[in-house]
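Here are the chains, one letter per residue:
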Amino acid sequence: MASDPPYLETYKTLFQGNTPGGSKGAKAKDNKLFMVEECDLPLIDLSRLNLDRAERDKCKREITDASSNWGFFQVTNHGVPRQLLKSMQYEQMKGEVDASFFQENCSPSTSYLRMNRYPPCPISSEVFGMMPHTDSDFLTILYQDQVGGLQLVKDDRWFSVKPKPDALIINIGDLFQAWSNGVYTSVEHQVVASEEGERFSVAYFYCPSYNTVIQSYSKPATYRTFSFREYRQQVKKDVDSTGHKVGLPRFLL
Ligand SMILES: O=C(O)CCC(=O)C(=O)O
Ligand SMILES: [Fe+2]
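Residues numbered from 1 in each chain as written. Chains lettered and ligands numbered in written order. Predicted model: local features only at pLDDT ≥ 70, side-chain atom pairs only at ≥ 80, totals over all residues. Heavy atoms only, no water.

**Some details on the nonpolar core**
Of all hydrophobic cores here, the largest spans 52 residues; its most connected members are Ile44, Phe72, Phe138, Ile214 and Phe226. When near neighbours in sequence (up to four residues on either side) are disregarded, Phe138 contacts Phe101, Phe102, Cys106, Ile172, Gly173, Leu175, Phe176, Trp179, Tyr206, Pro208 and Ile214. (Core = buried A, V, L, I, M, F, W, Y, C linked by side-chain atoms within 4.5 Å. Buried < 20%, exposed > 50% of the residue type's maximum accessible area, 1.4 Å probe, protein only. Contact = heavy atoms within 4.5 Å.)

**So, the coordination of the iron ion (ligand 2)**
Reference geometry at the metal: tetrahedral coordination by four donors gives ideal angles of 109.5 degrees; octahedral coordination by six donors gives 90 or 180 degrees. Protein coordination of the iron ion (ligand 2) is provided by His133 (NE2), Asp135 (OD) and His189 (NE2), with donor distances spanning 2.1 to 2.2 Å. Mapping the donors of the iron ion (ligand 2) onto the primary sequence yields the spacing H-x1-D-x53-H. Of the two residues, His133 and Asp135, both sit in the buried class. (Donors = N, O, S within 2.8 Å, 3.2 Å for Na, K, Ca; no water.)

**Thoughts on the UniProt feature "domain: Fe2OG dioxygenase" (unreviewed entry) in the chain**
What UniProt calls "domain: Fe2OG dioxygenase" (unreviewed entry) maps, in this numbering, to residues 108-208. Structurally, residues 108-208 is divided into 6% helix and 43% strand, and its ends, taken at the C-alpha atoms, are 9 Å apart. (UniProt positions renumbered as here; feature names shortened; annotations may be inferred. Helix = DSSP H or I, 4+ residues; strand = E, 2+ residues; numbered from the N terminus.)

**Re the sheet that holds strand S2 (residues 43-45)**
What the six strands build is an open sheet, ordered S2-S3-S9-S6-S11-S4; its pairing is mixed. Of all the strands in the sheet, just S2 and strand S4 (112-118) have a single pairing partner and so form its edges. Here the average twist between neighbouring strands, direction ignored, is 25°. (Pairing = 2+ DSSP bridges. Axes fitted to C-alpha atoms, helices over the stretch in contact; angles between N-to-C directions.)

**What to know about the pairing of strand S3 (residues 72-76)**
Of all five residues in S3, five are buried; the element is thus mostly enclosed. Neither face of S3 is exposed, since Phe72, Gln74 and Thr76 on one face and Phe73 and Val75 on the opposite face are all buried. One ladder, built from three bridges, connects S2 with S3; its direction is parallel. Looking at S3, one finds that Leu43 is bridged to Gln74. Tracing the backbone out of S2, into helix H2 (residues 53-69) and back to the parallel element S3 gives a crossover that is right-handed. Alignment of S3 against strand S9 (residues 168-172), held across four bridges, turns out to be antiparallel. The partner of Phe73 across the bridge, within S9, is Ile170. (Right-handed = clockwise from strand over helix to strand, strands pointing away.)

This is how it looks when you write it as structure tokens:
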């Protein structure tokens, strides 16, 4: 199975001497990786989900706003990530969809964990630690150390995410974008390795089973209905034949 994001291509890029701005997928071109401005991701204190109704509603609104405006946010006082998943499941869609969809189709056995290690890189401004990509899942929960290097696209520009101790970063994946009919966006992100220090991150990819059918919950649908299996196969096919993931645009109606 092709890696997703396609790591091999990262190395090909390195050997061919290409610079990162040449990525096909990047919306923001000509980025000088080391000159990217730092941003504070929306920070959401999840302990408010246990407070009174007004606080709970405010917290949920912040999650939905960050999901549609950024596609990325970070959370503190998260307790178990399941709490967040639950709130996403039950609250974000405001009862417009059948919340049991996630319970029925996503489980620990269909999701997976990836541990990323980025050794120090003396030419980090010229090569990617991880090339620009979107995640092929519902959502990703990321824990990063304090070295920094994660960058994301916002308003057609790359921003560097300022690391925050004890915060988890949540980002919307392709399936959530398709399912929400584009209300929530799967935002392109990349990693720039540090010149001095090694960096570690752990990403939990919340995925459904391969048979799960993904369809937009509102009409008219932007994307055609597809199974998660079909999606993964298409991603693999594109990566194998072109070196790049095309992703959701393949499924546009
Ligand atoms: O290491 C990071 O900060 C991001 C990792 C990532 O985007 C991924 O594993 O898909
Ligand atoms: Fe990612």
